[in-house]
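Below are the chains, spelled out letter by letter.
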Amino acid sequence: MAEVESGKISDWKKYESYDCKFDPDQDDKASEIKLLSFARPHMRAFHCSWWSFFIAFFIWFSAAPLLTEIKGDLGLTKQQIWNSSIAGVGSTIFMRFVNGPLCDKYGPRIMMSCILAFACIPTALTGTVASAVDLVIIRMLIGIGGSTFVMCQYWSSRMFTKEVVGTANALCGGWGNLGGGVTQLVVGSLLFPMFKAIYGDEEGCEQWRDDDNWIDTRKDLPWDTMCASEKAWRTVCVVPAVVTALTAWWILGHSEDSPKGNYWELKENGAMPSISATNSFREGAYNVNTWILFVQYACCFGVELTMNNAAALYFKEEFDQTTEEAAAIASLFGWMNLFARGLGGYFSDVGNAKMGMKGRLIVQTVCLFLEGFLVIVFAQSTELWLAILLMVIF
């Protein structure tokens, strides 16, 4: 630390050799992406990054395919359901502002682990919901997990050179966002019916009715009188919560913050100066480019959040699908992230190679325009096949 305090940064690093080609002039960042490699530090961080974001997205929207069941069993209105979705997004927005500066100070690995460890708790408690207020609070707390996008992108940016970082970020973000589609399929179309079959409806189970008096009396309904469908949605979210907790524990001790090592190691060995989280936030907030990208991302990611929250409910109510069928259809939107994000990053890198930052901006502008146009057409579609096709494309 004495070297840092005197203004001299040491050349200490944790690894003497790497599995990937790297650029010593870019802080030993990898100049290639070896998807089949899990070697530390570059590719281990890459896979930890996308998987952590994937499981965060999985729990963030784990309740989405179950909302029609929750809505009926608790006698909630469509507005109350939307309020819970808004709460889940609101907490994410706030925490994303917080997580950026904290990553600068503590590194993405610790922050990713902490957020996942926190978010898995309200996820496991989803089944305790008994009112609209409970649902808002639970989904707001789970939504904090969605802020792991910051760590996901920070982590991959820290590991790859500018020549390939667009593709790396796109793959990590895209595969991570895939969790929003997989959770629709796994929770809504696999785990939910499986849990229903396990519980099985017994004689005398109390099915919900659209009746105010019934809603008031059923709040204290004993477990053994609930129908299998209600028991299922009240317990199914424990499964992804456990996977999330295990992920949070594993990445903490089996990955690095940067190519040269963890932030605490770099600081301890004089290879990295201490950074103030407050100063880091101030520098980002005063940069006009931050707010331009903020608006563009709000438009793009806003559509994605809306679809992940509402697609299953929309297809069930508008096209008369079952809970399982609606969840399967809604999952298609998320599955597009398997390759769509990667393509976006690739074309952005191509644009950067030919025209610099202007090339990246052109690619982004064209994609945003096409997405907005297709969303408008989707909203007017009355045929199921057309609605699915448009959703998949945009």
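Residues numbered from 1 in each chain as written. Predicted model: local features only at pLDDT ≥ 70, side-chain atom pairs only at ≥ 80, totals over all residues. Heavy atoms only, no water.

Draft legend 1. Molecular detail of the packing of helix α3 (residues 67-74) against helix α14 (residues 288-319). Close contact between α3 and α14 brings their axes to 9 Å; oriented N to C, the two are set at 70°. On the basis of the axis angle, α3 is roughly perpendicular to α14. Every residue of α14 that contacts α3 at Leu67, Thr68, Glu69 and Lys71 is listed here: Asn309, Leu313, Lys316 and Glu317. Its residues assigned to classes, the contact of α3 with α14 comprises 2 nonpolar, 2 polar and 4 charged. (Axes fitted to C-alpha atoms, helices over the stretch in contact; angles between N-to-C directions. Helix = DSSP H or I, 4+ residues; strand = E, 2+ residues; numbered from the N terminus. Parallel < 35°, antiparallel > 145°, perpendicular 65-115°, else oblique. Contact = heavy atoms within 4.5 Å. Nonpolar A, V, L, I, M, F, W, Y, C, P; charged D, E, K, R; others polar.)

Draft legend 2. Up close: the side chain of arginine 139. Along the chain, arginine 139 turns up in helix α6 (residues 132-143). Aside from chain neighbours lying at most four places away, what touches arginine 139 is Ala63, Leu67, Ile81, Ser84, Ser85, Gly88 and Asn309.

Draft legend 3. A look at α3. Within α3, 7 of the 8 residues are buried, which leaves it mostly tucked inside the rest of the structure. Of all the residues in α3, the buried ones are Leu67, Thr68, Glu69, Ile70, Gly72, Asp73 and Leu74. Count one or two residues on from α3 and you reach glycine 75, which has phi positive near 65°. (Buried < 20%, exposed > 50% of the residue type's maximum accessible area, 1.4 Å probe, protein only.)

Draft legend 4. Structural view of the pattern of salt bridges. Applying the stated criterion to the full structure yields 9 salt bridges. Here glutamate 256 makes a salt bridge to lysine 14, at a shortest N to O gap of 3.0 Å. One end of the pair, glutamate 256, is in the loop between α11 (238-253) and α12 (263-268); the other, lysine 14, is in the loop between α1 (2-5) and β1 (22-23), with 242 residues separating them in the sequence. Aspartate 257 is paired through a salt bridge with arginine 109; the nearest N and O atoms lie 3.7 Å apart. (Salt bridge = Lys/Arg side-chain N within 4 Å of Asp/Glu carboxyl O.)

Draft legend 5. Geometry of the nonpolar core. Ranked by size, the top nonpolar core spans 66 residues in total, and within it Leu66, Ile70 and Phe160 carry the most contacts. No other element matches helix α2 (residues 42-60), which puts 11 residues into this core. Excluding residues that lie within four positions of it along the chain, phenylalanine 160 makes contacts with Lys29, Ala30, Glu32, Ile33, His42, Met43, Phe46, Val165 and Ala168. Judged by nonpolar contacts, the second largest core, of 17 residues, contains Ala311, Ala326, Ala330 and Ala387. (Core = buried A, V, L, I, M, F, W, Y, C linked by side-chain atoms within 4.5 Å.)

Draft legend 6. Here's a closer look at the environment of isoleucine 55. Along the polypeptide, isoleucine 55 turns up in helix α2. When its relative accessible area of 3% is taken as the criterion, isoleucine 55 is described as buried. Between the C-alpha atoms of isoleucine 55 and proline 240, which are 185 residues apart in sequence, the distance is 7.7 Å. Beyond its immediate stretch of four places on either side in the chain, isoleucine 55 contacts Leu116, Val243, Thr244 and Thr247.

Draft legend 7. Up close: unusual backbone geometry. Of note, the bond from arginine 40 into proline 41 is cis; its omega dihedral lies within 30 degrees of zero at 0°. Note on placement: proline 41 falls in the loop between β2 (29-30) and α2. Phi angles above zero are rare outside glycine, and aspartate 27 is one such case at about 60°. Here aspartate 27 falls in the partly exposed class, since its relative accessible area comes to 27%. In this structure, aspartate 320 takes a positive phi of about 55° despite not being glycine. Examined against the element boundaries, aspartate 320 turns out to sit in the loop between α14 and α15 (323-335).

Draft legend 8. Spatial organisation of the packing of aromatic side chains. A complete count under the given rule lists 19 aromatic pairs for this structure. With a centroid separation of 5.5 Å and an interplanar angle of 80°, the aromatic rings of tyrosine 314 and phenylalanine 315 are classed as edge-to-face. Tyrosine 314 sits in the partly exposed class, given a relative accessible area of 25%. Pairwise contacts between aromatic rings join Phe46, Trp50, Trp51, Phe54, Phe58, Phe160 and Trp175 into one cluster. Positioned above the aromatic ring of tyrosine 106 is the side chain of lysine 105, whose terminal nitrogen or guanidinium carbon lies 5.7 Å from the ring centre. (Phe/Tyr/Trp six-rings, centres within 6.5 Å; stacked < 30°, edge-to-face > 60°. Lys NZ or Arg CZ within 6 Å of the ring centre and 35° of its normal.)

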